[in-house]
Amino acid sequence: MATPAKKQSFLGGAAILTAAVVIVKLIGAAYKIPLSNILGSAGQTYFDTAYQIYNFLLTFSTAGLPLAISRMTSQAHAQGLENEKRKIFRTSIWLFFGLGLVCSVLMFFRADALARFLNNSLASTAVQALAPAVFCVCLLACMRGYTQGQGNMTPTAISQVLEALLKLGIGLPLAWYVLHIGLTAELSAAGAIVGVTAGTAISMLFLFAYLATHKNRKESLDVPSTSGQIIKQILLIGVPITLSNSAMSIINIIDTKIVMGRLQNGLGLAEEAAAVLNGQYRIAMNMPNMVASFVYPVTMSLIPFAAAALARKDHTEADRIISSAFRLIAILALPAGIGLSVLSTPIEILMLPMQPEDALAAGPHLRILGIALIFICLMILTNAILQTYGKEKLPIFTVIAGGVVKVVMNYILVGNPDIRAVLGTQNGTGYARIAMRGLLDGDAVNYDGKTDITATSTKTFEQGVVVIGRAKAWVEKDFSYDITGGVDFMDNVAQQVAEYWQDVDQDTILAILKGVFSMTGGKSGEFVE
């Protein structure tokens, strides 16, 4: 007879999940970095478009419900209600089975419509390849929430590593092979996603086997709640969390639709050209997403342990757990965000040796996203804390407010021909800025040990200049020397060229002076006078 695993502490559970995430992200780096080099920016867009549809359906079906299961299981476990725990799992597994099946069928058979909705029709094959993963991950989420609610993070950690290994071992070689035989980038993206689907399926089977062999058969006299009561409680806790997380997924989908649409309609780009530009931004997002993912194991471990402490009315322990979580996130987020921002372009060049143009284009994106990463990590943690204290609705409003600002700003800025014209003229402008270094100054004082020495510094200035260029070319026949009895025309040509440019320079200076002294009124008039 198998015995249940010993309940782990908050820091112990966080350490297990964090170690798993480190391994998963190292495997993920070995997957995504070569994948970006294989697919390029256009293929990256097809891959990410499929993932955004997948994430939306997955978030809609699993975002808050596993946390609700974890919280309810943790409270029942803390109170020794074994029958209640079992009933929670039996009820929730069928709920997730139905949700996963519906979402997978929708994603597979409506892949073309979903891809067209995002103005990226070439991503439809990748969407279909990822559809079965929704069903598998729904069941995975239920089982992970159940084991985490009992304070056992090990099964989740193992399943995550297993999923990542299969994604790497199947998806990456398949993506390379599809391109190697001469097929298109969109099919290569679908090949990479096949590995993701296979990984989720095997990971699901592992957790089924684990739960089957680690049943707690201890007798208990508690009377469990009815299935209807459990489903109602799951929905009461999980739906607000789902709405909060779904809001972000909905905003991301709308954002992608707007970006792809504005690039095509605002700038007149073809779909593939728009996919390239969008893909460069998506490539820059890989590193911040990788770092932010380290926050989730802290939140997954935080919720059941803090919820159990609150159920025991032990507010001191709950505060201690939350304080520990903040310290862990600060240690991660601050150096990571600043480092990514300062070293953005070198990092992208290092990560994308096979796609140098995409690396250079992604560098400026990462410079800004590095700073944003700090706030993303804090947002993830504070949302989890609010959910633990039963304030599930508050994150909904903050996420929606931030998302609306993002969507509106992207609609205004992305694909704006005026902004493109301003930026596009920078390479050919006649205006330049020259740094002017100041000189050291000040009087020397007596060095007698009594006189105060006042330190001074140089001042740095900037001067704007207008660069004017003129060009002209002449040609002389080679046989001129021969037909004139040896008269050398080059001295005459040199003299005439010098006189020509003197006349041009004089005309330019006079035109500038005329323009300067034509300025009247306001500050321009004061400058001339």
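Residues numbered from 1 in each chain as written. Predicted model: local features only at pLDDT ≥ 70, side-chain atom pairs only at ≥ 80, totals over all residues. Heavy atoms only, no water.

Draft legend 1. Just the overall build of the chain, in detail. Along the chain, the regular secondary structure elements total 18 helices and two strands. Contacts in the chain between residues far apart in sequence, at least 24 positions, make up 82% of those at least 6 positions apart. Accessible area for the chain stands at about 28300 Å²; split by element, carbon and sulfur atoms hold 65% of it. (Helix = DSSP H or I, 4+ residues; strand = E, 2+ residues; numbered from the N terminus. Contact = heavy atoms within 4.5 Å. Areas by Shrake-Rupley, 256 points an atom, 1.4 Å probe, with all protein chains shown as cover.)

Draft legend 2. Spatial organisation of the packing of aromatic side chains. Per the counting criterion, the structure on display carries seven aromatic pairs. The interplanar angle of 80° and the centroid separation of 5.5 Å between the aromatic rings of Tyr 51 and Tyr 54 together place this pair among those described as edge-to-face. In this pair, Tyr 51 and Tyr 54 are both assigned in helix α1 (residues 10-62), three residues apart and thus about one turn of the helix distant. Exposure remark for Tyr 54: the relative accessible area of 5% places this residue in the buried category. Considering the side-chain rings of Phe 97 and Phe 135, the 5.3 Å spacing of their centres and the 80° angle between planes classify their relative orientation as edge-to-face. Pair noted here: Phe 97 is in helix α3 (residues 82-109) and Phe 135 is in helix α5 (residues 124-149), with a separation of 38 residues, a long-range link. One aromatic cluster in this structure is built from Tyr 31, Phe 47, Tyr 51 and Tyr 54. Taking NZ or CZ as reference, Arg 262 lies 4.8 Å from the ring centre of Tyr 411, over its face. (Phe/Tyr/Trp six-rings, centres within 6.5 Å; stacked < 30°, edge-to-face > 60°. Buried < 20%, exposed > 50% of the residue type's maximum accessible area, 1.4 Å probe, protein only. Lys NZ or Arg CZ within 6 Å of the ring centre and 35° of its normal.)

Draft legend 3. Seen up close, the environment of Ala 307. In this structure, Ala 307 sits in helix α10 (residues 295-311). With a relative accessible area of 4%, Ala 307 lands in the buried category. Considering only alpha carbons, one finds Ala 307 and Gln 387, 80 residues apart in sequence, at a separation of 9.6 Å.

Draft legend 4. Local environment of α5. Here α5 is 26 residues long and its end C-alpha atoms lie 37 Å apart, about the 38 Å a rise of 1.5 Å per residue gives. Most of α5 is tucked away, with 23 of its 26 residues classed as buried. (Expected span 1.5 Å × (residues − 1).)

Draft legend 5. Seen up close, the packing of helix α11 (residues 315-342) against helix α13 (residues 356-388). Relative orientation of the contacting elements α11 and α13 amounts to 170°, with a least axis distance of 7 Å. It follows that α11 is roughly antiparallel to α13 by the angle criterion. Taken together, the residues of α13 that come into contact with α11 (itself represented by Ile 322, Ala 325, Phe 326, Ile 329, Ala 333, Leu 334, Ala 336, Gly 337, Ile 338, Leu 340 and Ser 341) are Leu 366, Arg 367, Gly 370, Ile 371, Leu 373, Ile 374, Cys 377, Leu 378, Leu 381, Thr 382 and Ile 385. Residue composition of the contact of α11 with α13, by class: 17 nonpolar, four polar and one charged. (Axes fitted to C-alpha atoms, helices over the stretch in contact; angles between N-to-C directions. Parallel < 35°, antiparallel > 145°, perpendicular 65-115°, else oblique. Nonpolar A, V, L, I, M, F, W, Y, C, P; charged D, E, K, R; others polar.)

Draft legend 6. Layout of the packing of α5 against helix α7 (residues 185-213). It is the contact of α5 with α7, at a shortest axis distance of 8 Å, that shows an interaxial angle of 25°. Taken together, the axes of α5 and α7 lie roughly parallel to each other. Where α5 crosses over α7, the two elements pack in a sense that is left-handed. Residues that form the contact of α5 with α7 fall into these classes: 22 nonpolar, five polar and one charged. (Left-handed = near helix turned anticlockwise from the far one by under 90°.)

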